[in-house]
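# Summary of the model geometry
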Amino acid sequence: MTRLLDNALRKAAAVWITVDDRPRLVWALWRDGALWVAVGGDEQQVPGLRDGVTCTITVRSPTTHSHLADVPATASLVEREKEVTDALRAARLNAEPAWTEVYRLDPDSQGLRGDGAELG
């Protein structure tokens, strides 16, 4: 994955995730080369997101806020680990989190599609 894309994901508070041709803007956390998304309960909903599903992460440029890239990713339902839960809780910007599931989205940089020269 390009350094620019890594930088954009580290700075992003929210990204678009598309599952089954249904894009959804979600808050997420970039950590350890993956995007972590908490869903369910009183939290955000991402219809179709489930273990093993392929989705697309749409990333915006941290400088221009324009479309930077679409990256295919595979979702994995993960067990609640204290370190990840604490990081997600810290990334949460308002009310106390009330999610029921956490997914790790592992990007496939081979399928990276971008709009501009920024990706180099």
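As the structure is a computational prediction, the values presented were derived from the model and not from experiment.

## Concerning the pairing of strand E6 (residues 67-78)
Relative to E6, strand E5 (residues 54-60) runs antiparallel, the two being bridged by seven bridges. Counted as the bridge partner of Val59 is Ala69 from E6. The antiparallel pairing of E5 with E6 creates a hairpin that spans six residues between the two strands, and His65 there sits at a positive phi of about 65 degrees. Summarising the sheet, E6 and strand E7 (residues 101-107) pair through six bridges and their orientation is antiparallel. Counterpart to Ala75 in the pairing with E7 is Leu105.

## A few points about helix H1 (residues 3-11)
Listed in full, the buried residues belonging to H1 are Leu5, Asn7, Ala8 and Leu9. In this structure, the buried residues of H1 make contact with strand E1 (14-19), strand E3 (29-31), strand E4 (34-39), E5 and E6.

## Some remarks on the packing of aromatic side chains
Across all of its chains, the model carries one aromatic pair by this definition. Judged by centre distance (6.2 Å) and plane angle (55 degrees), the rings of Trp27 and Trp99 are tilted. Note that Trp27 is positioned in strand E2 (residues 22-27) and Trp99 in the loop between helix H2 (82-91) and E7, a separation of 72 residues in sequence. Per residue, the accessibility class of Trp27 equals that of Trp99, and both read buried.

How each quantity is defined
- Residues numbered from 1 in each chain as written.
- Predicted model: local features only at pLDDT ≥ 70, side-chain atom pairs only at ≥ 80, totals over all residues.
- Heavy atoms only, no water.
- Pairing = 2+ DSSP bridges.
- Helix = DSSP H or I, 4+ residues; strand = E, 2+ residues; numbered from the N terminus.
- Buried < 20%, exposed > 50% of the residue type's maximum accessible area, 1.4 Å probe, protein only.
- Contact = heavy atoms within 4.5 Å.
- Phe/Tyr/Trp six-rings, centres within 6.5 Å; stacked < 30°, edge-to-face > 60°.

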